[in-house]
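# Working through the structure, step by step
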Amino acid sequence: MYVRLFAATWLLFCAGLAVLAWGFQAPFAYDPVGPRAYPLLLLTLMAAGSLWLLVKPGLREQKLDSSSALRSVLCMLTLLAYALLFESLGFIISTALGTFALGLLFTGRLLPCAISGVLMGVLLYGLFDYLLDVPLPLGLFEAFVES
Amino acid sequence: METLNFLMQGFEVATRPENLMVALFGAFVGTIVGLLPGLGPINGVALLLPLAFALGLPPETALILLAAVYLGCEYGGRISAILLNVPGDAAAVMTTLDGYPLARQGKAGIALSLSAVSSFIGSMIATCGVVLFAPLLAKWAVAFGPAEYFVLMIFAIACLGGMVGDKPVKTLMAALIGLALATVGVDSTTGVYRFTFGSVSLSDGIQFIIVVIGFFSVSEVLLMLEKTHSGQKAVKTSGRLLFNFKEFCFTFWTMVRSAVAGFVIGVLPGAGATIASAMTYMSEKRMAGSSGKFGEGDLRGLAAPEAANNASACGSLIPMLTLGVPGSGTTAVMIGALTLYNITPGPLLFEQQPDVVWGLIASLFIGNVILLVMNIPLVGLFARMLSVPNWILVPAITAISMVGVYAVHSTTFDLVLMIGLGVFGYILRKLEFPLSALILGFVLGELMEDNLRRALSISAGDLNILWSSPISLCLWALTALMLGMPALRWWRARRTAQVANA
């Protein structure tokens, strides 16, 4: 069932992309193939594969129960929020919050998760920014550093 | 004899105290970077390149540092592959197939020590190969034109379809999705923007790091969530931390075969560690036949890709040094490093800069010994990592993944894209699409299109060039064989079922 659903969605997606890809045209022909043929070839093959899966989706099916689906969605939202706040809040705060929330989702207890979150934010910042020279955003702390 | 003299000269360079220190430091940092999920050799080399330049290291020392990091990552990548089922880099994808099941069976210590020795043997054989063949192979690799490369890549993808036996269509679909993801961005030949949806961040394509971290780290986080819920826990390591002599003998010839194959594949420009580990894993699986437990924790399935990816990492230095063509993403960064020092890699490098070339080759031998000595006693420490609880481990993986992706371009867009790809990867994994095929497709995507278009430019659009040379004809035949394999298996299974019914 899910495989069929995926295959149907993917087929529509391929069709949409193919319409888009049809418009890829170079103002001047640099090579005999051009930018359009290769993506279209891939989309055609993918569409063929999707059709095959629509007809023969295979036997095994995994069941989704609602509680684990809810946890998955919560986890995805946490990750998304972490990614979106990464720059504006800065690495230390967003990591402390993100790792705290993820720790709770992974059945950690409240206090240890909070401690590990704060520690991770500070220690990883030190490791990457100072030792490995990967520039990380300071976010809210930027005002302190400037002044 | 001349080669031997040069090699002695190289050892003289590589054993200078500062170069030994640099190799030790590089090997250590490389292992850690390779160990961290999401951070691979490309990150390691790219991170240390500015450092090498800032410290004012001479070119041979800088190259020794980068090569040590590269080798160290190949050693370290296997650790996260075995313990977390998260490949440190694309080449370690194959290591997860048997390494992770072994760890789940409580044999993490054996898997780690055996894979360290596989890596060592792979690197050593390949480094000897570099010494022997570097001048000769420069000529051989030239025989591969763009048409032959294109067919070789098709063959690599077909191999995957034949390998993941029970679901060839899903495997090929996954590879196609990977190939399609690689077309995003500006077309290098004509400058046309493809599938960028008007976004500036997508205009130079989706970065490899984002794809790897998204599809493997983020989707793994989501998958691990389900496992905590159903109460499953990673099996603790117990018993031996070192393999025994019998296990070594059992895998020895696998290592040697895979090392030689990995070396040859690594030498081909463009065909790197990923293809090497995939192809050797597949051929070992074929050779073992029904007696093997591949995919469920076969030691040979662990030794083959490990020996092969280290061998190809060393082998890929040959095209870099002799032709100036990178054999892998990491050597591409290293070519960038050489040009910073105003050294142009190419056939003349061996004559003009023998100190650089032979110092580097000699340092490979030394770096390998350092890495083996460092890795075997530390195996216990690595194996203990499994006892870290999930509520610390998973947030840590996530935070490090974020850093790894953020380090590429420093944009929020990349982070969101990573999460999006991770969710997509999670859905694909739930539907049993093999993601290793997707990554292979993504790695090959741009090369494949480039070579196809270059080939057709040579022939002015005539498709015959794709099957005109004996090499490409041979590769086409092998491709057909691989694609026919699942159909043949299906047909035979049906026939035996009919016979049984009658």
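Residues numbered from 1 in each chain as written. Chains lettered and ligands numbered in written order. Predicted model: local features only at pLDDT ≥ 70, side-chain atom pairs only at ≥ 80, totals over all residues. Heavy atoms only, no water.

Counting its secondary structure elements, chain A contains six helices and zero strands. Ordering the α and β elements of chain A from the N terminus gives α-α-α-α-α-α. When contacts within chain A are restricted to residue pairs at least 6 apart in sequence, long-range pairs at least 24 apart make up 59% of them. A total accessible area of about 8,600 Å² is found for chain A, and carbon and sulfur atoms account for 75% of it. (Helix = DSSP H or I, 4+ residues; strand = E, 2+ residues; numbered from the N terminus. Contact = heavy atoms within 4.5 Å. Areas by Shrake-Rupley, 256 points an atom, 1.4 Å probe, with all protein chains shown as cover.)

The next subject is the packing of helix α3 (residues 66-89) of chain A against helix α4 (residues 91-105) of chain A. Two measures define how a pair of helices packs: the angle their axes make with one another and the distance between the axes. Residues and elements named next belong to chain A. Packing of α3 against α4 leaves a shortest axis separation of 8 Å and a crossing angle of 170°. Taken together, α3 and α4 sit at an angle that is classed as roughly antiparallel. Where α3 abuts α4, its residues Arg-71, Leu-74, Cys-75, Thr-78, Leu-79, Tyr-82, Leu-85, Phe-86 and Leu-89 lie against Phe-91, Ile-93, Ser-94, Thr-95, Leu-97, Gly-98, Ala-101, Leu-102 and Leu-105. The residue inventory of the contact of α3 with α4, partitioned by class, reads 13 nonpolar, four polar and one charged. (Axes fitted to C-alpha atoms, helices over the stretch in contact; angles between N-to-C directions. Parallel < 35°, antiparallel > 145°, perpendicular 65-115°, else oblique. Nonpolar A, V, L, I, M, F, W, Y, C, P; charged D, E, K, R; others polar.)

Here the focus is helix α5 (residues 93-104) of chain B. Residues and elements named next belong to chain B. The end-to-end C-alpha separation of α5 is 17 Å, in line with the 16 Å expected for 12 residues at 1.5 Å each. Considered for burial, the residues of α5 that qualify are Val-93, Met-94, Thr-95, Thr-96, Asp-98, Gly-99, Tyr-100, Pro-101, Leu-102 and Ala-103. Positive backbone phi, at 85°, marks Gly-106, one or two positions downstream of α5. (Expected span 1.5 Å × (residues − 1). Buried < 20%, exposed > 50% of the residue type's maximum accessible area, 1.4 Å probe, protein only.)

All names here are of chain B. Its identity is not glycine, yet Glu-432 carries a phi of approximately 65°, on the positive side. Residue class for Glu-432 comes out partly exposed when judged on its relative accessible area of 27%. Within the chain, Ala-460 stands out as a residue other than glycine whose phi angle is a positive 55°. By the element assignment, Ala-460 lies in the loop between α19 (435-458) and α20 (470-501). With a relative accessible area of 65%, Ala-460 lands in the exposed category.

This next bit is on the nonpolar core. Among the nonpolar cores identified, the biggest contains 110 residues, and Met-46 of chain A together with Ile-206, Phe-215 and Leu-428 of chain B are the most heavily contacted of them. If you tally residues by element for this core, the top one is helix α9 (residues 208-229) of chain B, at 12 residues. Domain assignment of the residues forming this core places at least three in each of domain 1 (2-55) and domain 2 (66-146) of chain A. Apart from the residues within four sequence positions on either side, Ile-206 of chain B is in contact with Leu-181, Val-184, Val-211, Leu-417, Leu-421 and Phe-442 of chain B. Ala-67, Ile-79, Phe-120 and Met-255 of chain B belong to the second-largest nonpolar core, a separate cluster that totals 69 residues. (Core = buried A, V, L, I, M, F, W, Y, C linked by side-chain atoms within 4.5 Å. Domains from an automatic or database assignment.)

This structure, assessed with the given rule, holds 15 aromatic pairs over all chains. Look at Phe-248 of chain B and Phe-252 of chain B: their rings are 5.6 Å apart centre to centre, the planes differ by 50°, and that puts the pair in the tilted class. Of this pair, Phe-248 of chain B and Phe-252 of chain B both sit in helix α10 (residues 245-267), separated by four residues, roughly a single helical turn. Accessibility expressed as a relative area gives 21% for Phe-248 of chain B, which makes it partly exposed. Connected via pairs of aromatic rings, a cluster forms that spans Phe-6, Trp-10 and Phe-13 of chain A together with Phe-215, Phe-424 and Phe-433 of chain B. We note Arg-36 of chain A situated over the ring of Trp-22 of chain A; from NZ or CZ to the ring centre the distance is 4.4 Å. The ring of Phe-433 of chain B carries the charged tip of Lys-170 of chain B above its face, separated from the ring centre by 5.8 Å. (Phe/Tyr/Trp six-rings, centres within 6.5 Å; stacked < 30°, edge-to-face > 60°. Lys NZ or Arg CZ within 6 Å of the ring centre and 35° of its normal.)

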